[in-house]
Amino acid sequence: MLEIEHLSFDVQDEGRQSEILSDISFHVADGEMLVITGPNGGGKSTLAKLMCMLLEPDSGELEICGKRMAGDGVTEEDLYEARRNVGMVFQNPDNQIVATIVEEDVAFGPENLGMPSDEIRRRVDSALATVGMSEYARHATQRLSGGQKQRIAIAGTIAMDRKCIIFDESTAMLDPSGRREVMDTIRHLNKEKGITVVHITHYMNEAVEADRVIVMNDGGIMMSGTPAEVFSRVGELRSVGLGIPQTAELLHMMREAGYDVRTDIFGVEECADEIARVLAE
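Residues numbered from 1 in each chain as written. Predicted model: local features only at pLDDT ≥ 70, side-chain atom pairs only at ≥ 80, totals over all residues. Heavy atoms only, no water.

Engineer: Even after reading the chapter, I still don't get the overall build of the chain, so can you show me in this structure?
Structural biologist: Across its full length, the chain carries 10 helices and 10 strands. Whereas a compact globule of 281 residues would reach a radius of gyration of roughly 19 Å, the chain reaches 20 Å, a difference of no more than 12%. Across its three principal axes, the chain shows a C-alpha extent of roughly 65 × 50 × 35 Å. Excluding contacts between residues fewer than 6 apart, the proportion of contacts in the chain whose partners are at least 24 apart in sequence is 61%. Of the roughly 13,500 Å² of accessible surface on the chain, a fraction of 45% belongs to carbon and sulfur atoms. If the 27 positive side-chain charges of the chain are averaged to one point and the 49 negative ones to another, these points end up 4 Å apart. (Helix = DSSP H or I, 4+ residues; strand = E, 2+ residues; numbered from the N terminus. Rg over C-alpha atoms; globule rule 2.2 N^0.38 Å. Contact = heavy atoms within 4.5 Å. Areas by Shrake-Rupley, 256 points an atom, 1.4 Å probe, with all protein chains shown as cover. Lys, Arg positive; Asp, Glu negative; His and termini not counted. Charge placed at Lys NZ, Arg CZ, Asp CG, Glu CD.)

Below you can see the structure in the form of structure tokens.
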């Protein structure tokens, strides 16, 4: 889906050139759920904007769906197609909602593509059903909860028939209930619909179901691997101000207290079973 090789990005700040991303290399497989995390200022949001072509890299290689998107020879049509394939859901849903009625907001993108009205109707209905918001089709967007607004923003992206959706800290402004709603939707899109997901988050509990986790720091990749591989490196994560999922944190505390527990468990039920096993012994 995405192939990134030696990607760098600089900005001009008061006449001085500042490097935001340096020599970034990784890929995102078709149908994968990738989580990107790291401390503030590590370059995560800049990378997200590069992956959906809201920004263009200064150097390196970027391919989207097998099409080279960096360097000379990239046309406006190439950029247009890339943005059709890869969508983005931002931190604040109010920044993406443009209409006062739910179904009109979801229809905004397809309408701007000039699609026939019956195709727009089909896409809107399908997108709302996917995010579990069909019954709110005629509701006022300003009356929705934060989690519901974010699901409408996701529906608008789905209606554009994206192959990959990037969630840039899309749960950061939500309460626990809203975060659960959005995470349930993200899981459904990835596991049931086969949409490739790149999820940028500070919440480590949201990373445990990912296929792979990338940790960024100071504009580079600090570590990459499965959740078990990444969250086993507790000391390195703590050194940059990051934690680990609460279940893993509890098991690490028990290990430090002398209990012979596994520390590669992240699910609540699995954690409870492991603690029960150790206490029984």
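Back to the text.
Engineer: Is there a simple way to explain the packing of aromatic side chains in this structure?
Structural biologist: Aromatic rings in a pair are described by how distant their centres are and how their planes are angled relative to each other. For the structure on display, the rule yields one aromatic pair. With 5.6 Å between their ring centres and 70° between their planes, Phe-231 and Phe-266 make a pair best called edge-to-face. Of this pair, Phe-231 sits in helix 7 (residues 227-231) while Phe-266 sits in the loop between helix 9 (246-256) and helix 10 (268-280), placing them 35 residues apart in sequence. We classify Phe-266 as buried; its relative accessible area is 14%. The cationic tip of Arg-179 hangs over the ring face of Tyr-203; the distance from NZ or CZ to the ring centre is 4.3 Å. (Phe/Tyr/Trp six-rings, centres within 6.5 Å; stacked < 30°, edge-to-face > 60°. Buried < 20%, exposed > 50% of the residue type's maximum accessible area, 1.4 Å probe, protein only. Lys NZ or Arg CZ within 6 Å of the ring centre and 35° of its normal.)

Engineer: What should I look at first to understand the sheet that holds strand 10 (residues 220-225) in this one?
Structural biologist: If you walk across this open sheet you meet the six strands as 6-7-8-3-9-10, and the pairing is mixed. The sheet terminates laterally at strand 6 (86-89) and strand 10, the two strands that pair on one side only. Averaged over all pairs of adjacent strands, the angle between strand axes in this sheet comes to 20°, irrespective of strand direction. Bridge count between strand 3 (residues 33-37) and strand 8 (residues 196-200): four bridges; the pairing is parallel. For Ile-36, the partnering residue across the bridge sits in strand 8 and is Ile-200. Packing against the sheet, helix 1 (residues 44-51) makes contact with strand 3, strand 6, strand 7 (164-168), strand 8 and strand 9 (212-217), and its axis sits at approximately 140° to strand 3. Strand contacts of helix 2 (residues 76-85): strand 6 and strand 7, with the helix running at about 55° to strand 6, the strand carrying the most contacts. (Pairing = 2+ DSSP bridges. Axes fitted to C-alpha atoms, helices over the stretch in contact; angles between N-to-C directions.)

Engineer: What exactly am I supposed to notice about the pairing of strand 9 here?
Structural biologist: Within a regular strand, side chains alternate between the sheet's two faces. Across the six residues that make up strand 9, a large majority, five, are buried. Of the pairings in the sheet, the one linking strand 3 to strand 9 comprises four bridges and is parallel in character. Each residue of the ladder has a partner; that of Thr-37, found in strand 9, is Val-215. Connecting strand 9 to the antiparallel partner strand 10 that follows it, the hairpin turn spans two residues, and Asp-218 within it adopts a positive phi of roughly 55°.

Engineer: Can you walk me through the nonpolar core in this structure?
Structural biologist: One broad trend across soluble globular proteins is that nonpolar side chains are buried collectively. Counting residues in each nonpolar core, the largest one holds 31 residues, and the members touching the most others are Phe-26, Ile-36, Leu-47, Met-51 and Ile-166. Ignoring any residue separated from it by four or fewer positions in sequence, one finds Ile-36 in contact with Phe-26, Lys-44, Leu-47, Met-51, Val-198, His-199, Ile-200, Thr-201, Ile-214 and Met-216. (Core = buried A, V, L, I, M, F, W, Y, C linked by side-chain atoms within 4.5 Å.)

Engineer: Before we go on, may I ask you to explain the pattern of salt bridges in this structure?
Structural biologist: Pairs can form between side chains of opposite charge once their charged atoms are near each other. One pass over the full model with this rule turns up 18 salt bridges. A salt bridge links Arg-212 to Glu-32, with the shortest nitrogen-to-oxygen separation between them at 2.9 Å. Here Arg-212, found in strand 9, pairs with Glu-32, found in the loop between strand 2 (16-28) and strand 3; they are 180 residues apart in sequence, far enough to count as distant. Between Lys-67 and Asp-78 there is a salt bridge whose closest N-O contact spans 3.7 Å. (Salt bridge = Lys/Arg side-chain N within 4 Å of Asp/Glu carboxyl O.)

Engineer: Quick question: what am I supposed to make of the packing of helix 3 (residues 102-112) against helix 5 (residues 146-158) here?
Structural biologist: One can describe the packing of helix 3 onto helix 5 by two numbers: an axis separation of 7 Å at closest approach and a directional angle of 35°. Where helix 3 crosses over helix 5, the two elements pack in a sense that is right-handed. Along its contact with helix 3, which presents Val-102, Asp-105 and Val-106, the element helix 5 presents Ile-152, Ala-155 and Gly-156. Its residues assigned to classes, the contact of helix 3 with helix 5 shows four nonpolar, one polar and one charged. (Left-handed = near helix turned anticlockwise from the far one by under 90°. Nonpolar A, V, L, I, M, F, W, Y, C, P; charged D, E, K, R; others polar.)

Engineer: Got a minute to help me understand the pairing of strand 3 in this structure?
Structural biologist: The element strand 3 is largely enclosed, with a buried count of five among its five residues. A two-sided burial pattern is seen for strand 3, the buried positions comprising Met-33, Val-35 and Thr-37 on one face and Leu-34 and Ile-36 on the other.

Engineer: Could you clarify how one ought to interpret unusual backbone geometry in this entry?
Structural biologist: Glycine aside, the phi torsion of most residues is negative, and most peptide linkages are trans. Look at Asp-23: it is not a glycine, yet its phi comes out positive at around 55°. Relative to the assigned elements, Asp-23 resides in strand 2. For Asp-23, a relative accessible area of 49% puts it in the partly exposed group. Positioned with a positive phi, Glu-169 is a non-glycine residue whose angle comes to about 50°. With respect to the secondary-structure elements, Glu-169 resides in the loop between strand 7 and helix 6 (176-191).

Keep in mind these values describe shape, not function.
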